[in-house]
Amino acid sequence: MDSHTRRRSFFDPHNIVYATIILLVSMDVVQYGASESDPVSLSDFLVLAIGPLIMVAIAHSFSGAIEVQVRQRRLLAREDYRHLGSTVLQYACVALVPSLIGIALWAIGQDLVTAARITSGLGLVSLLLWGYYAGRSAGHGAAGRIGNALIYGFVGLLIILLEIAVSH
């Protein structure tokens, strides 16, 4: 495989990282929208865990279809539909983890804000790991990989803090 050939993979880091950040913002809404007198319902939790991701995934695929037709001046081919569909599935996969955590905690009678906190922690860890992986893929040594991981984690945290500042 030469340096110009890219290996195709189901998982696109761009989609997964973007979906993770959207999920972190949604989990912030769960945490700060809940009150002790009115706990978060399972349906509200699932809507906030799944809804924004699916909406953005569909919007992303829709704009991708338009881009193919406008910039490449051609009709969508089977490969285009497969790629756009896999994009939606990648966003849905990110929604799967918090949904399962929420359902499990709900089943044992725990507050779903706990599920949001766990999901937020896992999301930040995920961004750190993606940063490490990106550093590795770019050819960084161990220190560069760790630095890259810290930058990714910091940027994710910064996005969450900005969302908190804007919404509260």
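Before any of the text, the structure's been laid out above.
To keep things clear, this report deals only with the structure shown in the data block. Only a predicted model underlies this, so the values are computations on that prediction, with no experimental measurement involved.

**Points about the packing of aromatic side chains**
Across all of its chains, the model carries 2 aromatic pairs by this definition. Taking 5.8 Å as the distance between ring centres and 75° as the angle between the ring planes, the aromatic pair formed by Trp 130 and Tyr 133 counts as edge-to-face. In this pair, Trp 130 and Tyr 133 both sit in helix H4 (residues 112-137), 3 residues apart, roughly one turn of the helix.

**Re the side chain of Asn 15**
Mapped onto the elements, Asn 15 comes out in helix H1 (residues 13-33). On the basis of relative accessibility, which here comes to 1%, the residue Asn 15 falls in the buried class. One polar contact links Asn 15 to His 14, side chain to side chain, over a distance of 3.4 Å. Apart from residues lying up to four places away in sequence, Asn 15 is in contact with His 60, Thr 87, Gln 90 and Tyr 91.

**Regarding the packing of H4 against helix H5 (residues 142-167)**
The interhelical angle for the contact between H4 and H5, taken along N-to-C directions, is 145°, at an axis separation of 7 Å. Our pair here, H4 against H5, has a crossing hand that is right-handed. In this structure, H4 uses Leu 124, Leu 127, Leu 128, Trp 130, Gly 131, Tyr 132, Ala 134, Gly 135 and Arg 136 to contact H5, whose residues at the interface are Arg 145, Ile 146, Asn 148, Ala 149, Leu 150, Tyr 152, Gly 153, Gly 156, Leu 157 and Ile 160.

**So, the pattern of salt bridges**
Scanning the model with the defined rule gives 3 salt bridges in all. Its salt-bridge partner being Arg 71, residue Glu 67 comes within 3.9 Å of it at the nearest N-O pair. Pair noted here: Glu 67 and Arg 71 are both in helix H2 (residues 42-71), with a separation of 4 residues, about one helical turn. The partly exposed category is assigned to Glu 67, whose relative accessible area is 41%. A salt bridge links Arg 82 to Glu 79; the shortest N-O distance between them is 3.0 Å. Here Arg 82 and its partner Glu 79 are both found in helix H3 (residues 78-107), 3 residues apart, which amounts to about one turn of the helix.

The rules we used
Residues numbered from 1 in each chain as written. Predicted model: local features only at pLDDT ≥ 70, side-chain atom pairs only at ≥ 80, totals over all residues. Heavy atoms only, no water. Phe/Tyr/Trp six-rings, centres within 6.5 Å; stacked < 30°, edge-to-face > 60°. Helix = DSSP H or I, 4+ residues; strand = E, 2+ residues; numbered from the N terminus. Buried < 20%, exposed > 50% of the residue type's maximum accessible area, 1.4 Å probe, protein only. Polar contact = N/O pair within 3.5 Å; in protein donor to acceptor, adjacent residues only side chain to side chain. Contact = heavy atoms within 4.5 Å. Axes fitted to C-alpha atoms, helices over the stretch in contact; angles between N-to-C directions. Left-handed = near helix turned anticlockwise from the far one by under 90°. Salt bridge = Lys/Arg side-chain N within 4 Å of Asp/Glu carboxyl O.

So yeah, pure geometry; function would need other evidence.
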